[in-house]
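Listed here are the chains, written in short residue letters.
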Amino acid sequence: MSKLQQRIQEIEKNIQAACQAAGRDRSEITVVAVTKAVGTERTKEVLEAGIVDLGENRPEGLTQKQAEIESEAVWHYIGNVQSRRVRDIVGNLGYLHSLSRASIAKELQKRATEPVNCFVQVNVSGEASKSGVTPEALEVFIEDVSIYDKVRIVGLMTMAPYTDDTETIRSVFREMKELRDRIVAQNLPHAPCTELSMGMSNDYEIAIEEGATYLRIGTALVGVESEA
Ligand SMILES: *Cc1c(COP(=O)(O)O)cnc(C)c1O
């Protein structure tokens, strides 16, 4: 078994244990393999190992891999995007995890031929270095983008602070679930908002316990390019 297959197996075991601990069904959770730090060859191995959801955070990384990989991959764009680059990423996009500005929604409306599945990125921790709408602004933001029929809000996304303090991480994820539940309760046609994209290499098990439905796992799953 390759190093990659070992890591995938290990993470799968952890996911199942976290699901069991939280009384959740494994089928509620989609693993997005974040391949931004590895090349096309490693990405193909990830696909061959059975993970079809792939995440990239740069327009170049996304389009280059899309061009080089012919398969049934579902592409997730997880990084910041500038309005002028929306056209480059929108062609074959399964999910946009980083919607946090109305200007991007407007550009999606202009460029997309079908509704785009979007997560609204929320900056729960309030760190200045992180993008995302504030929890206070979330409801108004979602209302504002309802005028764009090419923007479908499938859920919320966040990045927890980088810390060893698991209770801090947990409280961020918990607040996300509360925010999500509040949007769901509004029954908005353009924003079913049932999904929660949260949990990375360091915190995916906590995210599962707090209700994540999409995990975005990079290094722990795919490794780094310089090492097998
Ligand atoms: C890089 C990245 C990840 C994956 O990070 P790891 O710590 O390598 O798992 C997840 N989400 C976003 C938005 C990222 O930029």
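The structure presented is a predicted model; accordingly, all values stated were derived computationally and were not measured. (Residues numbered from 1 in each chain as written. Predicted model: local features only at pLDDT ≥ 70, side-chain atom pairs only at ≥ 80, totals over all residues. Heavy atoms only, no water.)

## Here we look at the overall build of the protein
Then, number 1: A tally of helices and strands in the protein yields nine helices and eight strands.
Then, number 2: A globule of 228 residues ought to have a C-alpha radius of gyration of about 17 Å, and the protein, at 17 Å, matches this closely.
Then, number 3: The dimensions of the protein, computed from C-alpha atoms along their principal axes, are 50 × 40 × 30 Å.
Then, number 4: Looking at the protein alone, contacts between residues at least 24 apart form 54% of all its contacts between residues at least 6 apart.
Then, number 5: When the 26 positive and 35 negative side-chain charges of the protein are each reduced to one mean point, those points stand 4 Å apart. (Helix = DSSP H or I, 4+ residues; strand = E, 2+ residues; numbered from the N terminus. Rg over C-alpha atoms; globule rule 2.2 N^0.38 Å. Contact = heavy atoms within 4.5 Å. Lys, Arg positive; Asp, Glu negative; His and termini not counted. Charge placed at Lys NZ, Arg CZ, Asp CG, Glu CD.)

## Concerning the nonpolar core
Proteins that are soluble and globular tend to have nonpolar side chains buried together.
Then, number 1: Leu96, Leu99, Leu108, Ile153, Leu156 and Leu215 are the most contacted members of the largest nonpolar core, which has 64 residues in total.
Then, number 2: The contacts of Leu156, once residues within four sequence positions are left out, are Phe119, Val120, Val122, Leu138, Ile142, Met176, Leu179, Arg180, Cys193, Glu195, Leu196 and Ser197. (Core = buried A, V, L, I, M, F, W, Y, C linked by side-chain atoms within 4.5 Å. Buried < 20%, exposed > 50% of the residue type's maximum accessible area, 1.4 Å probe, protein only.)

## Thoughts on the environment of Thr30
Then, number 1: Locating Thr30 in the fold gives a position in strand S1 (residues 30-34).
Then, number 2: As for Thr30 and Leu156, which are separated by 126 residues in sequence, their C-alpha atoms are 14 Å apart.
Then, number 3: Apart from the residues within four sequence positions on either side, Thr30 is in contact with Asp53, Thr213, Tyr214 and Leu215.

## Considerations on a negative patch on the surface
Then, number 1: A contiguous patch of negative charge on the surface is contributed by Glu41, Glu45, Glu48 and Glu68.
Then, number 2: Looking at the negative patch element by element, the count peaks at three residues for helix H2 (residues 40-48). (Patch = residues over 30% accessible without salt bridge, like charges linked within 9 Å, V, L, I, M, F, W, Y side chains within 5 Å. Areas by Shrake-Rupley, 256 points an atom, 1.4 Å probe, with all protein chains shown as cover. Salt bridge = Lys/Arg side-chain N within 4 Å of Asp/Glu carboxyl O.)

## Some details on the site of the ligand
Then, number 1: The immediate surroundings of the ligand are formed by Val34, Lys36, Ile78, Met157, Met159, Met200, Ser201, Arg216, Ile217, Gly218 and Thr219.
Then, number 2: Between the ligand and Gly218, the relevant distance is 2.8 Å, taken from an oxygen atom to a main-chain nitrogen or oxygen of the residue.
Then, number 3: By residue class, the composition of the shell around the ligand is six nonpolar, three polar and two charged. (Near = heavy atom within 4 Å. Polar contact = N/O pair within 3.5 Å; in protein donor to acceptor, adjacent residues only side chain to side chain. Nonpolar A, V, L, I, M, F, W, Y, C, P; charged D, E, K, R; others polar.)

Distances and angles like these do not, on their own, reveal function.
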